[in-house]
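Architecture at a glance
Here is how the chains run, residue by residue.
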Amino acid sequence: MNCGISLLTENSASCAGGFDRTSPRDQLALPICLSEGMVVSIAPSPIQLNNLINLATIISDNCKAIHQANSMSIDQLNTDYGIAGNLTFATGKGGFPMIHIDNGQAKALISVYSGQVLSFQPAPETTDLMFLSEKAYYAEGKAIKGGIPICWPWFGPDPEALGRPSHGFVRNRLWNVLETATTPDGATKVTLGLKDTDETRAIWPQAFELAIAITIGTSLTVELITRNLGDKAFPLTQAFHTYFQVGDINRVQVLGLENSQYLDKADGGVEKTQVGAVVVTGEVDRIYLDATNELVIDDSALNRRIRIKSSGSKSVVVWNPWVTISANMADLDDADYQRLLCVETTNAATDIVEVPPHGEFRLQAIYSVERD
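Residues numbered from 1 in each chain as written. Predicted model: local features only at pLDDT ≥ 70, side-chain atom pairs only at ≥ 80, totals over all residues. Heavy atoms only, no water.

Description of the confidence of the model for the protein chain
What counts here: Values of pLDDT, which run from 0 to 100, indicate the predictor's confidence residue by residue. Here a residue-residue contact requires only that any non-hydrogen atoms of the pair lie within 4.5 Å.
Mean pLDDT over the protein chain stands at 87; residues scoring 70 or higher make up 81%. Confidence over residues 1-50 falls short of pLDDT 50; this stretch has 95 contacts with residues more than four positions distant or in other chains. Considering only residues more than four positions removed or in separate chains, one finds that residues 64-71, a stretch of pLDDT under 50, has eleven contacts.

A few points about the side chain of T242
Which entries qualify depends on this criterion: To qualify as a helix, a DSSP run of H or I must reach at least 4 residues; to qualify as a strand, a run of E must reach at least 2; elements of each kind are numbered from the N terminus.
Structurally, T242 can be placed in the loop between strand 14 (238-240) and strand 15 (243-245). Excluding residues within four positions of it along the chain, T242 makes contact with M130, G147, I148, L341, C342, V343, E344 and Y367.

Things to note about the pattern of salt bridges
Where we set the bar: Salt-bridge detection follows one rule: a side-chain nitrogen of Lys or Arg within 4 Å of a carboxyl oxygen of Asp or Glu.
Tallying each qualifying case throughout the model produces 19 salt bridges. Notably, a salt bridge pairs R164 with E160, separated by 3.8 Å at the nearest N-O pair. Among the ionic contacts, a cluster of salt bridges with common partners joins E294, R305, R307, E370 and D372.

Let's talk about the sheet that holds strand 7 (residues 116-122)
Short version of the rule: At least two bridges found by DSSP between two strands are what make those strands a pair. Think of each axis as a best-fit line through the C-alpha atoms, taken over the contacting stretch in the case of a helix, with angles from 0 to 180 degrees between the N-to-C directions.
The four strands lie next to each other as 4-5-6-7, forming an open sheet whose pairing is antiparallel. Of all strands in the sheet, those with a lone pairing partner are strand 4 (87-91) and strand 7, marking the two edges. For this sheet the average axis-to-axis angle between neighbouring strands, irrespective of direction, equals 15°. Where strand 6 (residues 106-111) lies against strand 7, six bridges are found, and the strand directions are antiparallel. Note that in strand 7 the partner of I110 across the bridge is V117. The strands touched by helix 3 (residues 74-81) within the sheet are strand 4 and strand 5 (97-102), with strand 4 carrying the most contacts at an inclination of about 165°.

Some words on the nonpolar core
What tends to happen in soluble globular proteins is that the nonpolar side chains get buried as a cluster. To keep things clear, this is the line we draw: In this text, buried Ala, Val, Leu, Ile, Met, Phe, Trp, Tyr and Cys residues form a nonpolar core when linked through side-chain atoms within 4.5 Å. Think of it in three bands: with a 1.4 Å probe and only protein chains considered, a residue is buried below 20% of the maximum accessible area for its type, exposed above 50%, and partly exposed in between.
Membership of the largest hydrophobic core comes to 72 residues, with the highest contact counts inside it found for W152, L220, F240, L341 and Y367. With five residues, strand 11 (residues 208-216) is the single largest residue contributor to this core. Residues within four places of L220 in sequence aside, it is in contact with V117, F120, M130, I148, I214, T215, A365, I366 and Y367. Ranked by size, the runner-up nonpolar core spans seven residues in total, among them A239, L289, V317 and A348.

As C-alpha coordinates, then:
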(Lines give C-alpha, C1' and ligand atoms only; values in the text may rest on other atoms or scores of the structure.)
Protein backbone atom coordinates (compact mmCIF):
# COMPACT_ATOMS: atom_id res chain seq x y z
CA MET A 1 0.00 0.00 0.00
CA ASN A 2 1.13 3.53 -0.73
CA CYS A 3 1.53 5.22 2.64
CA GLY A 4 2.43 8.61 1.24
CA ILE A 5 0.67 11.75 2.37
CA SER A 6 0.05 14.78 0.23
CA LEU A 7 -1.96 17.96 -0.04
CA LEU A 8 -4.47 17.48 -2.87
CA THR A 9 -6.19 19.72 -5.33
CA GLU A 10 -9.90 20.03 -4.70
CA ASN A 11 -10.72 18.03 -7.83
CA SER A 12 -8.40 15.13 -7.00
CA ALA A 13 -9.65 15.06 -3.42
CA SER A 14 -13.25 14.91 -4.57
CA CYS A 15 -12.43 12.08 -6.94
CA ALA A 16 -10.69 10.14 -4.18
CA GLY A 17 -13.73 10.55 -1.94
CA GLY A 18 -14.13 11.90 1.57
CA PHE A 19 -13.96 15.60 0.56
CA ASP A 20 -16.95 17.68 -0.48
CA ARG A 21 -16.76 21.46 -0.87
CA THR A 22 -20.53 21.66 -0.38
CA SER A 23 -20.15 20.11 3.07
CA PRO A 24 -19.97 22.61 5.97
CA ARG A 25 -17.04 20.61 7.32
CA ASP A 26 -15.01 21.07 4.13
CA GLN A 27 -15.95 24.57 3.02
CA LEU A 28 -12.88 26.16 4.65
CA ALA A 29 -10.67 23.09 4.75
CA LEU A 30 -7.61 21.72 3.00
CA PRO A 31 -7.89 18.18 1.60
CA ILE A 32 -5.11 15.80 2.67
CA CYS A 33 -4.52 12.32 1.32
CA LEU A 34 -3.26 9.94 4.01
CA SER A 35 -3.20 6.78 1.90
CA GLU A 36 -4.81 5.30 -1.19
CA GLY A 37 -8.45 6.36 -1.28
CA MET A 38 -8.40 7.97 2.16
CA VAL A 39 -8.89 11.72 2.31
CA VAL A 40 -9.40 13.95 5.31
CA SER A 41 -9.92 17.68 5.52
CA ILE A 42 -8.19 19.97 7.99
CA ALA A 43 -9.28 23.55 8.47
CA PRO A 44 -6.50 26.08 7.84
CA SER A 45 -7.38 28.00 10.98
CA PRO A 46 -6.09 27.83 13.65
CA ILE A 47 -3.54 25.48 12.05
CA GLN A 48 -0.98 27.42 10.00
CA LEU A 49 0.42 26.02 6.74
CA ASN A 50 3.88 25.23 8.18
CA ASN A 51 2.28 23.35 11.06
CA LEU A 52 0.05 21.54 8.58
CA ILE A 53 3.08 20.42 6.58
CA ASN A 54 4.77 19.26 9.81
CA LEU A 55 1.63 17.33 10.67
CA ALA A 56 1.64 15.73 7.22
CA THR A 57 5.26 14.64 7.70
CA ILE A 58 4.56 13.17 11.14
CA ILE A 59 1.53 11.21 9.88
CA SER A 60 3.51 9.96 6.88
CA ASP A 61 6.30 8.71 9.14
CA ASN A 62 3.75 7.03 11.38
CA CYS A 63 2.11 5.37 8.39
CA LYS A 64 5.47 3.88 7.39
CA ALA A 65 5.98 2.67 10.94
CA ILE A 66 2.56 1.00 10.91
CA HIS A 67 3.44 -0.72 7.63
CA GLN A 68 6.65 -2.06 9.17
CA ALA A 69 4.88 -3.08 12.38
CA ASN A 70 2.27 -5.01 10.42
CA SER A 71 5.03 -7.31 9.25
CA MET A 72 6.15 -7.90 12.86
CA SER A 73 7.28 -11.43 13.54
CA ILE A 74 4.30 -13.61 14.36
CA ASP A 75 6.77 -16.17 15.66
CA GLN A 76 8.14 -13.61 18.11
CA LEU A 77 4.66 -12.65 19.28
CA ASN A 78 3.85 -16.30 19.89
CA THR A 79 7.14 -16.72 21.75
CA ASP A 80 6.58 -13.67 23.94
CA TYR A 81 2.82 -13.78 24.46
CA GLY A 82 1.40 -17.07 23.18
CA ILE A 83 -0.30 -19.48 25.62
CA ALA A 84 0.03 -23.13 24.59
CA GLY A 85 -3.27 -24.72 23.63
CA ASN A 86 -5.10 -21.47 24.38
CA LEU A 87 -3.85 -18.33 22.60
CA THR A 88 -1.97 -17.96 19.33
CA PHE A 89 -1.01 -15.11 17.01
CA ALA A 90 -1.43 -15.35 13.24
CA THR A 91 -1.35 -13.00 10.28
CA GLY A 92 -4.90 -12.07 9.35
CA LYS A 93 -6.64 -10.05 6.68
CA GLY A 94 -4.77 -6.95 5.57
CA GLY A 95 -1.58 -8.46 6.97
CA PHE A 96 -2.64 -7.44 10.49
CA PRO A 97 -1.59 -9.56 13.48
CA MET A 98 -4.60 -11.34 14.95
CA ILE A 99 -5.03 -13.08 18.30
CA HIS A 100 -6.91 -16.39 18.22
CA ILE A 101 -8.28 -17.69 21.52
CA ASP A 102 -9.87 -21.07 22.19
CA ASN A 103 -9.74 -21.88 25.90
CA GLY A 104 -12.66 -24.27 26.34
CA GLN A 105 -14.89 -21.52 27.73
CA ALA A 106 -15.10 -19.53 24.51
CA LYS A 107 -13.54 -18.80 21.15
CA ALA A 108 -12.52 -15.26 20.20
CA LEU A 109 -10.67 -13.24 17.58
CA ILE A 110 -8.91 -9.96 18.47
CA SER A 111 -7.23 -7.61 16.01
CA VAL A 112 -4.02 -5.99 17.31
CA TYR A 113 -4.66 -3.30 14.71
CA SER A 114 -7.45 -1.20 16.25
CA GLY A 115 -7.32 -3.04 19.60
CA GLN A 116 -10.61 -4.60 18.63
CA VAL A 117 -12.54 -7.73 19.52
CA LEU A 118 -13.87 -9.08 16.22
CA SER A 119 -15.47 -12.32 17.37
CA PHE A 120 -16.69 -13.88 20.63
CA GLN A 121 -18.48 -17.21 20.80
CA PRO A 122 -18.94 -18.72 24.26
CA ALA A 123 -19.29 -22.49 24.56
CA PRO A 124 -21.59 -24.14 23.61
CA GLU A 125 -23.12 -21.34 21.49
CA THR A 126 -23.22 -21.95 17.73
CA THR A 127 -23.73 -18.28 16.79
CA ASP A 128 -21.19 -15.51 17.35
CA LEU A 129 -22.14 -12.71 19.71
CA MET A 130 -20.48 -10.16 17.41
CA PHE A 131 -21.53 -8.94 13.97
CA LEU A 132 -18.60 -8.57 11.57
CA SER A 133 -19.24 -7.28 8.06
CA GLU A 134 -18.06 -9.50 5.21
CA LYS A 135 -17.18 -6.23 3.42
CA ALA A 136 -15.18 -4.77 6.30
CA TYR A 137 -11.99 -2.92 5.41
CA TYR A 138 -8.69 -4.37 6.59
CA ALA A 139 -6.41 -1.54 5.55
CA GLU A 140 -4.16 1.00 7.23
CA GLY A 141 -6.09 4.13 8.16
CA LYS A 142 -9.47 2.39 7.92
CA ALA A 143 -11.81 1.29 10.70
CA ILE A 144 -12.97 -2.35 10.76
CA LYS A 145 -16.77 -2.58 10.54
CA GLY A 146 -17.93 -4.91 13.29
CA GLY A 147 -16.96 -6.36 16.63
CA ILE A 148 -16.11 -3.71 19.23
CA PRO A 149 -14.43 -0.64 17.68
CA ILE A 150 -12.97 1.77 20.26
CA CYS A 151 -14.06 5.40 19.95
CA TRP A 152 -11.53 7.58 21.82
CA PRO A 153 -10.74 10.34 22.91
CA TRP A 154 -13.96 11.68 21.46
CA PHE A 155 -17.21 10.08 20.40
CA GLY A 156 -18.90 11.32 17.23
CA PRO A 157 -17.73 14.34 15.20
CA ASP A 158 -14.57 16.26 16.08
CA PRO A 159 -15.65 18.32 19.14
CA GLU A 160 -13.44 21.23 18.08
CA ALA A 161 -14.44 21.12 14.39
CA LEU A 162 -10.81 20.93 13.22
CA GLY A 163 -11.51 18.31 10.56
CA ARG A 164 -10.17 15.43 12.64
CA PRO A 165 -11.81 12.03 12.08
CA SER A 166 -15.06 11.11 13.78
CA HIS A 167 -14.76 8.84 16.80
CA GLY A 168 -11.13 9.77 17.49
CA PHE A 169 -7.91 8.18 16.30
CA VAL A 170 -7.36 4.82 18.05
CA ARG A 171 -9.68 2.57 16.04
CA ASN A 172 -7.46 2.81 12.95
CA ARG A 173 -3.94 2.28 14.28
CA LEU A 174 -1.80 -0.60 15.49
CA TRP A 175 -1.81 -1.19 19.24
CA ASN A 176 0.94 -2.77 21.34
CA VAL A 177 0.60 -6.15 23.03
CA LEU A 178 1.27 -5.53 26.72
CA GLU A 179 0.32 -8.80 28.41
CA THR A 180 -1.48 -12.11 28.04
CA ALA A 181 -2.45 -14.39 30.91
CA THR A 182 -4.70 -17.20 32.06
CA THR A 183 -6.91 -16.17 34.98
CA PRO A 184 -7.50 -18.45 38.00
CA ASP A 185 -10.92 -19.43 36.65
CA GLY A 186 -9.49 -20.49 33.27
CA ALA A 187 -10.39 -17.40 31.26
CA THR A 188 -7.88 -15.66 28.99
CA LYS A 189 -6.90 -12.03 29.52
CA VAL A 190 -5.27 -9.90 26.82
CA THR A 191 -4.05 -6.36 27.45
CA LEU A 192 -3.24 -4.04 24.54
CA GLY A 193 -2.08 -0.45 24.80
CA LEU A 194 -1.17 2.85 23.21
CA LYS A 195 0.86 5.82 24.40
CA ASP A 196 1.06 9.38 23.11
CA THR A 197 3.60 10.16 20.40
CA ASP A 198 4.57 13.22 18.36
CA GLU A 199 1.92 12.17 15.85
CA THR A 200 -0.90 11.79 18.39
CA ARG A 201 0.02 15.06 20.10
CA ALA A 202 -0.24 16.85 16.74
CA ILE A 203 -3.82 15.53 16.52
CA TRP A 204 -4.72 15.80 20.22
CA PRO A 205 -2.20 17.61 22.44
CA GLN A 206 -2.37 15.40 25.53
CA ALA A 207 0.08 13.06 27.26
CA PHE A 208 -1.66 9.75 27.90
CA GLU A 209 -1.49 6.00 28.27
CA LEU A 210 -4.44 3.97 27.00
CA ALA A 211 -4.98 0.29 27.67
CA ILE A 212 -7.74 -2.15 26.87
CA ALA A 213 -8.05 -5.29 28.97
CA ILE A 214 -10.06 -8.03 27.24
CA THR A 215 -11.10 -11.11 29.20
CA ILE A 216 -12.41 -14.11 27.26
CA GLY A 217 -14.34 -16.57 29.42
CA THR A 218 -17.95 -17.67 29.78
CA SER A 219 -18.62 -13.95 29.38
CA LEU A 220 -16.69 -11.20 27.56
CA THR A 221 -15.29 -8.33 29.60
CA VAL A 222 -13.72 -5.24 28.04
CA GLU A 223 -12.21 -2.46 30.14
CA LEU A 224 -10.74 0.73 28.68
CA ILE A 225 -8.28 2.47 31.01
CA THR A 226 -7.29 6.08 30.28
CA ARG A 227 -4.33 7.53 32.18
CA ASN A 228 -3.57 11.24 32.07
CA LEU A 229 0.21 11.69 32.18
CA GLY A 230 -0.01 15.47 31.96
CA ASP A 231 -0.28 18.26 34.52
CA LYS A 232 -3.74 19.43 33.45
CA ALA A 233 -7.09 17.67 33.35
CA PHE A 234 -8.54 16.79 29.96
CA PRO A 235 -12.13 16.07 28.85
CA LEU A 236 -13.00 12.71 27.35
CA THR A 237 -15.89 11.13 25.48
CA GLN A 238 -15.59 7.52 24.33
CA ALA A 239 -17.44 4.33 23.45
CA PHE A 240 -17.40 0.62 22.97
CA HIS A 241 -19.11 0.83 19.55
CA THR A 242 -20.30 -2.76 19.87
CA TYR A 243 -21.91 -4.50 16.89
CA PHE A 244 -24.12 -7.39 17.99
CA GLN A 245 -25.27 -10.10 15.62
CA VAL A 246 -29.03 -10.60 15.67
CA GLY A 247 -31.23 -13.14 13.94
CA ASP A 248 -33.83 -10.70 12.58
CA ILE A 249 -33.87 -7.00 13.48
CA ASN A 250 -37.68 -7.05 13.30
CA ARG A 251 -37.77 -9.52 16.20
CA VAL A 252 -35.35 -7.75 18.54
CA GLN A 253 -36.03 -5.47 21.47
CA VAL A 254 -33.74 -3.72 23.94
CA LEU A 255 -34.88 -3.82 27.56
CA GLY A 256 -33.81 -1.46 30.33
CA LEU A 257 -34.22 1.93 28.64
CA GLU A 258 -37.94 2.36 29.28
CA ASN A 259 -38.88 5.95 30.21
CA SER A 260 -35.32 7.18 29.53
CA GLN A 261 -34.65 10.49 27.83
CA TYR A 262 -32.71 10.28 24.56
CA LEU A 263 -31.37 12.49 21.79
CA ASP A 264 -32.77 11.33 18.45
CA LYS A 265 -29.93 12.01 15.99
CA ALA A 266 -32.04 10.59 13.16
CA ASP A 267 -34.52 13.41 13.87
CA GLY A 268 -32.21 16.40 14.23
CA GLY A 269 -31.13 15.68 17.80
CA VAL A 270 -34.57 16.29 19.31
CA GLU A 271 -34.85 15.09 22.92
CA LYS A 272 -37.53 12.43 23.38
CA THR A 273 -38.75 9.94 25.97
CA GLN A 274 -38.51 6.19 25.36
CA VAL A 275 -41.91 4.50 25.56
CA GLY A 276 -41.68 0.78 26.26
CA ALA A 277 -38.86 -1.41 24.97
CA VAL A 278 -36.63 -0.18 22.15
CA VAL A 279 -37.63 -1.73 18.82
CA VAL A 280 -36.21 -1.02 15.37
CA THR A 281 -38.62 -0.16 12.57
CA GLY A 282 -36.42 2.32 10.69
CA GLU A 283 -33.11 4.14 11.08
CA VAL A 284 -32.16 4.34 14.77
CA ASP A 285 -29.42 6.68 16.03
CA ARG A 286 -30.04 7.60 19.65
CA ILE A 287 -28.03 8.71 22.66
CA TYR A 288 -29.81 7.70 25.87
CA LEU A 289 -29.05 9.97 28.81
CA ASP A 290 -28.66 8.87 32.45
CA ALA A 291 -29.08 5.27 31.35
CA THR A 292 -29.12 2.23 33.61
CA ASN A 293 -25.96 0.12 33.87
CA GLU A 294 -27.70 -3.11 32.88
CA LEU A 295 -29.47 -3.76 29.57
CA VAL A 296 -30.79 -6.82 27.75
CA ILE A 297 -31.02 -7.43 24.00
CA ASP A 298 -33.91 -9.86 23.60
CA ASP A 299 -33.37 -11.70 20.29
CA SER A 300 -36.30 -14.04 19.75
CA ALA A 301 -35.10 -15.16 16.30
CA LEU A 302 -31.92 -16.64 17.83
CA ASN A 303 -33.75 -17.54 21.05
CA ARG A 304 -31.18 -15.76 23.18
CA ARG A 305 -30.73 -12.72 25.38
CA ILE A 306 -27.55 -10.71 25.50
CA ARG A 307 -27.00 -9.07 28.89
CA ILE A 308 -24.84 -5.95 29.04
CA LYS A 309 -23.47 -4.75 32.39
CA SER A 310 -21.46 -1.54 32.43
CA SER A 311 -19.58 0.76 34.77
CA GLY A 312 -18.06 4.21 34.25
CA SER A 313 -20.90 5.15 31.89
CA LYS A 314 -24.12 7.16 32.20
CA SER A 315 -25.07 7.10 28.52
CA VAL A 316 -25.95 4.45 25.93
CA VAL A 317 -26.07 4.66 22.14
CA VAL A 318 -28.43 2.48 20.10
CA TRP A 319 -27.78 2.41 16.35
CA ASN A 320 -29.09 0.59 13.31
CA PRO A 321 -28.45 2.01 9.80
CA TRP A 322 -31.63 0.61 8.23
CA VAL A 323 -32.09 0.33 4.48
CA THR A 324 -30.66 3.50 2.92
CA ILE A 325 -27.52 3.93 5.02
CA SER A 326 -26.73 0.22 4.85
CA ALA A 327 -26.98 0.35 1.04
CA ASN A 328 -24.78 3.46 0.90
CA MET A 329 -21.98 2.12 3.10
CA ALA A 330 -19.32 0.40 1.03
CA ASP A 331 -18.27 -1.78 3.97
CA LEU A 332 -21.78 -3.09 4.63
CA ASP A 333 -23.92 -5.42 2.56
CA ASP A 334 -27.29 -3.96 1.56
CA ALA A 335 -29.12 -6.37 3.86
CA ASP A 336 -26.76 -6.15 6.84
CA TYR A 337 -29.12 -3.83 8.72
CA GLN A 338 -31.31 -6.90 9.27
CA ARG A 339 -28.46 -8.74 11.02
CA LEU A 340 -26.89 -6.11 13.30
CA LEU A 341 -27.68 -3.90 16.23
CA CYS A 342 -25.25 -1.58 17.99
CA VAL A 343 -25.85 -1.08 21.71
CA GLU A 344 -22.90 0.99 22.84
CA THR A 345 -21.52 1.61 26.31
CA THR A 346 -20.48 5.25 26.11
CA ASN A 347 -19.50 8.53 27.64
CA ALA A 348 -21.37 10.67 25.12
CA ALA A 349 -23.39 13.90 24.80
CA THR A 350 -23.56 15.41 28.32
CA ASP A 351 -21.79 12.38 29.82
CA ILE A 352 -18.33 13.97 29.54
CA VAL A 353 -15.51 12.61 31.68
CA GLU A 354 -12.85 14.86 33.19
CA VAL A 355 -9.62 12.91 33.69
CA PRO A 356 -7.53 14.63 36.39
CA PRO A 357 -3.78 15.21 36.00
CA HIS A 358 -1.86 11.98 36.71
CA GLY A 359 -5.23 10.28 37.24
CA GLU A 360 -7.13 7.60 35.39
CA PHE A 361 -10.63 6.65 34.29
CA ARG A 362 -12.06 3.20 33.57
CA LEU A 363 -14.93 2.28 31.27
CA GLN A 364 -16.10 -1.33 31.46
CA ALA A 365 -18.67 -3.54 29.78
CA ILE A 366 -19.47 -7.21 30.41
CA TYR A 367 -21.39 -9.19 27.77
CA SER A 368 -23.03 -12.55 28.44
CA VAL A 369 -25.55 -14.82 26.70
CA GLU A 370 -28.64 -16.22 28.38
CA ARG A 371 -31.12 -18.84 27.21
CA ASP A 372 -34.25 -20.34 28.72
